[in-house]
Amino acid sequence: MKKITIIIPAYNEEESLPLLYERLEELMKKMDNYEFEILFVNDGSKDKTLEEIKQMREKDQRICYVDFSRNFGKEVAMIAGLDYATGDCAIFLDADLQDPPELIPELVKYWEEGYDDVYAKRRTRKGETWLKKFTSKMYYRVLQHLTNVEIQEDTGDFRLLDRRCINALKKMRETQRNTKSMYSWIGYKKKEVLYDRDPRAAGKTKWSYAKLIDLAIDGITSFTTSPLRLSTFLAIPTFVVLAIYFIYVIAKTFVVHEAIQAYQAIILLILFFSGVQILLFGIVGEYLGRIFNETKNRPLYLVNEYNGKKEMNDDLGDDKVEK
Ligand code: UDP
Ligand code: MG
């Protein structure tokens, strides 16, 4: 029997948990041809979330939990979930029931058809302000323009990952985690499922705009080093202006026989040295970008099949990992 791990990051979710368990229990009853593991990651909750989980575990042994020493954030909670998951596949689910568990059978169906990464795409988002929807849309646009990897728009973390995706993600230990870009990076056979995102069942969102802006900047800076190129690109117009002005001044000297004025010499010097400085910044940026990519220590590649056999990535030895 195949085992499905449902990973639920929870931060101050005591109100949602009973509702969540009810819905999950129903789901597990329906899908009785699978074994289940419900893995909570308690992300340093300050309310009774942990007690609630412990109580549930007493009644139902399928419930497991990892309890963080403090709040580490959802991204870290998710990788911890992958580390502790024992299933053949894992599904991320929000504790607040914004991702309907009823969609899980459909995700599993595609998994059985051979897809490795089945992600749920939001058709609608109920109970969210237009500002949040708008900013989220713009953010995807910008990210897409900055990178060459295809980014899935309007997808949250609600997705099913096959064991080999789990193993691949576990190899990526960077501390500034931006999971969204990682899903794109690992590749594998992906399948999209549409769903309507519900409003929160109870409690409040943990995201403030400040946190979202953090996330957005993290997303861009962890996805690409192209902002570092900005310097290199700025150097070019500076030198172009310098060249034009230089020709103008020289021409004036020889054609009109007018001596070079002090202010003209100063402008030329300023243009020259700021151009040089910007260029040097760009060079430093290029190296910094390389260091940035190397320190991520990602595997160099991930194999889909070897001689017709699906590669699980669990034997990605140190020799195969980028050092
Ligand atoms: N969460 C977490 N750690 C945090 C913030 C959030 O584990 O620091 C969990 C939270 O309990 C929920 C999920 O991440 O299960 C999504 O959070 P939330 O509903 O607040 O975000 P939104 O749905 O508004 O984007
Ligand atoms: Mg939510």
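Quick notes on the rules
Residues numbered from 1 in each chain as written. Chains lettered and ligands numbered in written order. Predicted model: local features only at pLDDT ≥ 70, side-chain atom pairs only at ≥ 80, totals over all residues. Heavy atoms only, no water. Helix = DSSP H or I, 4+ residues; strand = E, 2+ residues; numbered from the N terminus. Expected span 1.5 Å × (residues − 1). Buried < 20%, exposed > 50% of the residue type's maximum accessible area, 1.4 Å probe, protein only. Pairing = 2+ DSSP bridges. Axes fitted to C-alpha atoms, helices over the stretch in contact; angles between N-to-C directions. Contact = heavy atoms within 4.5 Å. Right-handed = clockwise from strand over helix to strand, strands pointing away. Core = buried A, V, L, I, M, F, W, Y, C linked by side-chain atoms within 4.5 Å. Near = heavy atom within 4 Å. Polar contact = N/O pair within 3.5 Å; in protein donor to acceptor, adjacent residues only side chain to side chain. Areas by Shrake-Rupley, 256 points an atom, 1.4 Å probe, with all protein chains shown as cover. Nonpolar A, V, L, I, M, F, W, Y, C, P; charged D, E, K, R; others polar.

With that settled, the discussion passes to helix α9 (residues 226-255). If you check α9, its first and last C-alpha atoms are 44 Å apart, about what 30 residues at 1.5 Å a residue would give, namely 44 Å. Taken together, the buried positions of α9 are occupied by S231, A235, T238, L242, Y245 and V249.

Taken in spatial order, the 7 strands line up as β3-β2-β1-β4-β6-β5-β7 in an open sheet, and their pairing is mixed. The open sheet has two edge strands, β3 (63-67) and β7 (190-197), and neither has a second partner. Averaged over all pairs of adjacent strands, the angle between strand axes in this sheet comes to 25 degrees, irrespective of strand direction. Each of β1 (3-10), β2 (35-42) and β3 is contacted by helix α2 (residues 49-59), which is oriented at about 150 degrees to β3, the strand it contacts most. Most of the contacts of helix α6 (residues 163-170) go to strand β6 (residues 155-162), to which it runs at about 115 degrees, and overall it touches β4 (89-92), β5 (117-125) and β6.

Turning next to the pairing of β3. Pairing of β2 with β3, which is carried by 5 bridges, proceeds in the parallel orientation. When the sheet's bridge partners are listed, F40 is paired in β3 with Y65. With α2 bridging β2 and its parallel neighbour β3, the resulting β-α-β unit is right-handed.

Counting 36 residues, the largest nonpolar core has I4, I6, I8, L20, F40, V108 and F158 as the members making the most contacts within it. Among the elements that make up this core, the one with the highest residue count is helix α1 (residues 17-30) (6 residues). Among residues more than four places away in sequence, those in contact with V108 are I4, M31, Y34, I91 and L160.

E13, D43, D96, Q98 and T205 are the nearest of the 19 residues found near ligand 1. Within the backbone of A95, one N or O atom sits 2.9 Å away from an oxygen atom of ligand 1. Compared with its free state, where it exposes 530 Å², ligand 1 has 94% of that area covered by protein. Here the residues of the shell around ligand 1 sort into 5 nonpolar, 4 polar and 10 charged.

Limitation: the analysis is restricted to geometry and does not speak to function.
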